[in-house]
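A structural walkthrough
Spelled out from the first residue to the last, the chains are:
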Amino acid sequence: MDTKKIIEGLKQAIKVPGHNASTDGKSGDLPPKQGEGLETERKEVIIYALSTCPWCKKAKKFFTEKGVDFEYIEYDKADEETRKYIQEDCKAYTETLGFPIVKIGDDAVVGYNTKKYSSLLDR
Amino acid sequence: MAPWIFTIAEKELNDGEKKLVILENNKLLLLRQKGTFYAMSNKSPHMDCPLSKGTFKEYVVECPCHDWHFDIRNGEFIDAKEIKAPIYETKVEDGNIYVNIE
Amino acid sequence: MDTKKRMEQLRTMFQRVIDPLGYKFSPDEEIVEFLLEQEVMIEKEKGSPFCPCQGLTGEREHDMKLVCPCIPFHREHYDAMKRCWCGLYVHKDVNDPDELFQISKKEFEASRK
Ligand code: FES
């Protein structure tokens with residue numbers, strides 16, 4: 001996985017006010033896949049994780065089974081720049097780097113909590 | 001009767017200093033602060049690192065491994081007083097330091 | 001040193017630390033085994049058995065508070081969850097660790113106000 005590219009995409013997505021997909025094809029909401037046309041809007045899901053954390057793997061499993069597309073970025077395996085970026089990106093949601101940190105659209109869930117994941121996905 | 005054991009001579013330990021002593025396979029840390037002698041187990045209650053290799057200021061010794069701080073007067077770990085390094089009584093007689101290792 | 005052996009050593013040393021704090025190893029033996037193994041790997045790589053579920057920053061002051069068992073430095077937060085962040089340790093009265101959830105530090109602080 002090319003983490004650098006993802007992070008670049010993320011940075012841009014965050015800088016763009018209103019997070020409008022039309023400004024940049026690289027980031028934001030992807031066009032709906034075939035067969036998913038009825039869905040009103042798909043939220044972008046990013047899972048910040050550690051390679052050593054069982055709850056991160058459980059979160060990954062949950063989203064995979066739900067059929068939701070997501071980015072999965074391992075903080076401990078990332079380069080310095082990416083780690084700094086993740087720290088900054090998570091500041092709004094958490095004071096500690098307790099993983100997983102799951103961003104769903106503009107919200108985030110810190111920790112493994114399937115109820116919270118579901119309610120944010122469905123909102 | 002308490003088993004008082006001779007360690008070192010008083011003059012071998014200056015104020016504000018610490019010294020490792022080995023007594024019958026037991027490693028103890030002797031410390032001297034403001035004229036009083038203190039003795040505690042040399043092993044950190046966390047992961048057994050030698051406190052003798054750490055730093056010592058006022059009444060606190062800092063373990064070199066993970067920076068846990070212990071009060072030399074009662075052995076308490078500063079961040080959770082329920083955790084204690086074993087401490088031992090000391091006394092000075094005829095210029096020699098004795099420790100009660102029970 | 002062989003991984004299994006080191007896992008057992010960590011278990012013995014950590015049991016000594018968590019007991020007076022009111023915690024025990026989780027009854028979920030599978031999670032415990034997995035986490036202890038991760039800690040042994042982390043210790044080999046980084047020198048200390050850091051928490052496998054929390055990120056390091058490279059600043060000694062921050063990171064040393066994440067060496068396992070890190071309960072003393074996060075006591076109120078963990079007490080509120082009745083578990084540590086990883087779920088390696090739970091309060092002694094917990095029989096079903098699956099009933100416990102991770103609550104972010106932020107939510108915990110907010111709930112106290
Ligand atoms: S072994 Fe002393 S602080 Fe960890």
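Residues numbered from 1 in each chain as written. Chains lettered and ligands numbered in written order. Predicted model: local features only at pLDDT ≥ 70, side-chain atom pairs only at ≥ 80, totals over all residues. Heavy atoms only, no water.

Our focus in this paragraph is the pattern of salt bridges. Opposite charge on two side chains permits them to pair, given that their charged atoms come into close proximity. Under the criterion given, the structure shown has 27 salt bridges over all chains. Salt-bridge contacts for A:Glu95 lead to C:Lys105; the nearest nitrogen and oxygen are separated by 3.4 Å. You can see A:Glu95 sitting in the loop between helix H3 (80-90) and strand E3 (101-104) and its partner C:Lys105 sitting in helix H5 (residues 105-112), one on each of two chains. The salt bridge partner of C:Arg112 is C:Glu76, with a shortest N-O separation of 2.8 Å. On the criterion of sequence distance, the pair formed by C:Arg112 in helix H5 and C:Glu76 in helix H4 (residues 75-81) is long-range, its members being 36 residues apart. We classify C:Arg112 as partly exposed; its relative accessible area is 47%. A residue is classified by how much of its surface remains accessible, and C:Glu76, at 49% relative accessible area, is partly exposed. Connected via shared salt-bridge partners are A:Glu95, C:Glu76, C:Lys105, C:Glu109 and C:Arg112. (Salt bridge = Lys/Arg side-chain N within 4 Å of Asp/Glu carboxyl O. Helix = DSSP H or I, 4+ residues; strand = E, 2+ residues; numbered from the N terminus. Buried < 20%, exposed > 50% of the residue type's maximum accessible area, 1.4 Å probe, protein only.)

Now for the interface of chain B and chain C. Facing the 15 residues of chain B at the interface are 19 residues of chain C. When the two sides are added together, the surface that chain B and chain C hide from each other amounts to roughly 1300 Å², 58% of it contributed by carbon and sulfur. Where chain B meets chain C, there are 3 salt bridges. As a salt-bridge pair, C:Arg60 and B:Asp67 come within 2.5 Å of each other at their nearest N and O atoms. At the junction of chain B and chain C, the tally comes to 9 residue pairs in polar contact (both at pLDDT 80 or more). In terms of residue count, the dominant contributor to the side of chain B that touches chain C is strand E9 (residues 80-84) of chain B (3 residues). The residue makeup of the side of chain B that touches chain C, split by class, is 8 nonpolar, 3 polar and 4 charged. (Contact = heavy atoms within 4.5 Å. Buried area = accessible area lost by both parts, 1.4 Å probe. Polar contact = N/O pair within 3.5 Å; in protein donor to acceptor, adjacent residues only side chain to side chain. Nonpolar A, V, L, I, M, F, W, Y, C, P; charged D, E, K, R; others polar.)

Bringing empty space enclosed by the protein into the picture now. In the structure shown here, the tally under the stated rule is 2 cavities of 30 Å³ or more. A volume near 60 Å³ is recorded for the largest cavity. Around the largest cavity sit 13 residues that line it, and C:Cys51, C:Cys68, C:Cys70, C:Cys84 and C:Cys86 are the ones nearest its centre. By residue class, the composition of the lining of the largest cavity is 11 nonpolar, 1 polar and 1 charged. A volume near 40 Å³ is recorded for the second largest cavity. Lining the second largest cavity we find A:Thr96, C:Gln54, C:His74, C:His77, C:Tyr78 and C:Trp85. Taken together, the residues of the lining of the second largest cavity break down into 2 nonpolar, 4 polar and no charged. (1 Å grid on protein atoms, 1.4 Å probe; cavity = no way out; pocket = protein on both sides within 12 Å on 5 of 7 lines; lining within 4 Å. Points joined across faces, edges and corners; volume = space filled by probe spheres on them.)

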